[in-house]
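One letter stands for each residue in the lines below.
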Amino acid sequence: MNTTRRQAGKTLTAMTLALATLGYATLASAADTIKVGVLHSLSGTMAISETVLKDTVLMAIDEINAKGGLLGKKLEAVVVDPASNWPLFAEKARQLISQDKVAAVFGCWTSVSRSGLDCSEDESRQSER
């Protein structure tokens, strides 16, 4: 399955809007970069369909960076592999948010991979307060 320019453009637009809505003050801690989490299975049964999604996100990040970045900062991808292990998605999301300090997470293509994320996001946000 090849990624078209239209699909990449849609991903680029979605990423830009998502990051812009976070607000400048809540973006990643690095002075020159904004960290973006990429949470797609790169191994296991779902790798055949999710690897191309990871590649699309990375291509969109490259395009944004080539145009000067976002808010004057370059985007930095933090790629993790939940290995098609559904409970591992929540653990990896927690890691991206709390340890890697990403501003946004892109991934969780299937509904089952998203099902465990509700509590991980709430817990991470509550620990920041």
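On a predicted model such as this, the values are computed, not experimentally measured, just so you know.

Reading guide: rules and limits
- Residues numbered from 1 in each chain as written.
- Predicted model: local features only at pLDDT ≥ 70, side-chain atom pairs only at ≥ 80, totals over all residues.
- Heavy atoms only, no water.
- Pairing = 2+ DSSP bridges.
- Helix = DSSP H or I, 4+ residues; strand = E, 2+ residues; numbered from the N terminus.
- Right-handed = clockwise from strand over helix to strand, strands pointing away.
- Buried < 20%, exposed > 50% of the residue type's maximum accessible area, 1.4 Å probe, protein only.
- Contact = heavy atoms within 4.5 Å.
- Axes fitted to C-alpha atoms, helices over the stretch in contact; angles between N-to-C directions.
- Expected span 1.5 Å × (residues − 1).

## Focus: the pairing of strand 2 (residues 74-80)
Next up, step 1: Alignment of strand 1 (residues 33-39) against strand 2, held across 7 bridges, turns out to be parallel. By the bridge assignment for strand 2, Thr33 is matched with Lys74.
Next up, step 2: In the classification by handedness, the crossover that spans strand 1, the intervening helix 2 (residues 47-66) and the parallel strand 2 is right-handed.

## Some thoughts on the side chain of His40
Next up, step 1: Tracing the backbone shows His40 in the loop between strand 1 and helix 2.
Next up, step 2: Taking relative accessible area as the criterion, His40 reaches 6% and is therefore assigned buried.
Next up, step 3: Discounting residues that sit within four places of it in the chain, His40 has contacts with Glu50, Leu53, Lys54, Val80, Asp81, Pro82, Phe106, Gly107, Cys108 and Trp109.

## Looking at the sheet that holds strand 1
Next up, step 1: Ordered in space as 2-1-3, the 3 strands form an open sheet in which the pairing is parallel. Pairing within the sheet leaves two strands with one partner each, and these edge strands are strand 2 and strand 3 (104-107). Averaged over neighbouring strand pairs, the angle between their axes works out to 30 degrees when direction is ignored.
Next up, step 2: Its contacts with the sheet place helix 2 against strand 1, strand 2 and strand 3, and it is angled at close to 165 degrees to strand 2.
Next up, step 3: Strands in contact with helix 3 (residues 86-99) are strand 1, strand 2 and strand 3; relative to strand 1, the strand with the most contacts, it is inclined by about 175 degrees.

## Looking at helix 2
Next up, step 1: The first and last C-alpha atoms of helix 2 sit 28 Å apart over 20 residues, in line with the 28 Å expected at 1.5 Å per residue.
Next up, step 2: Among the residues of helix 2, those classed as buried are Ala47, Glu50, Val52, Lys54, Thr56, Val57, Ala60, Ile61, Ile64 and Asn65.

## With respect to unusual backbone geometry
Next up, step 1: Here the phi dihedral of Leu71 falls at roughly 55 degrees; this positive angle occurs in a residue that is not glycine.
Next up, step 2: One non-glycine residue, Ser84, adopts positive backbone phi at about 60 degrees.
Next up, step 3: By secondary structure assignment, the location of Ser84 is in the loop between strand 2 and helix 3.
Next up, step 4: According to the relative accessible area criterion, Ser84 is buried, its value standing at 13%.

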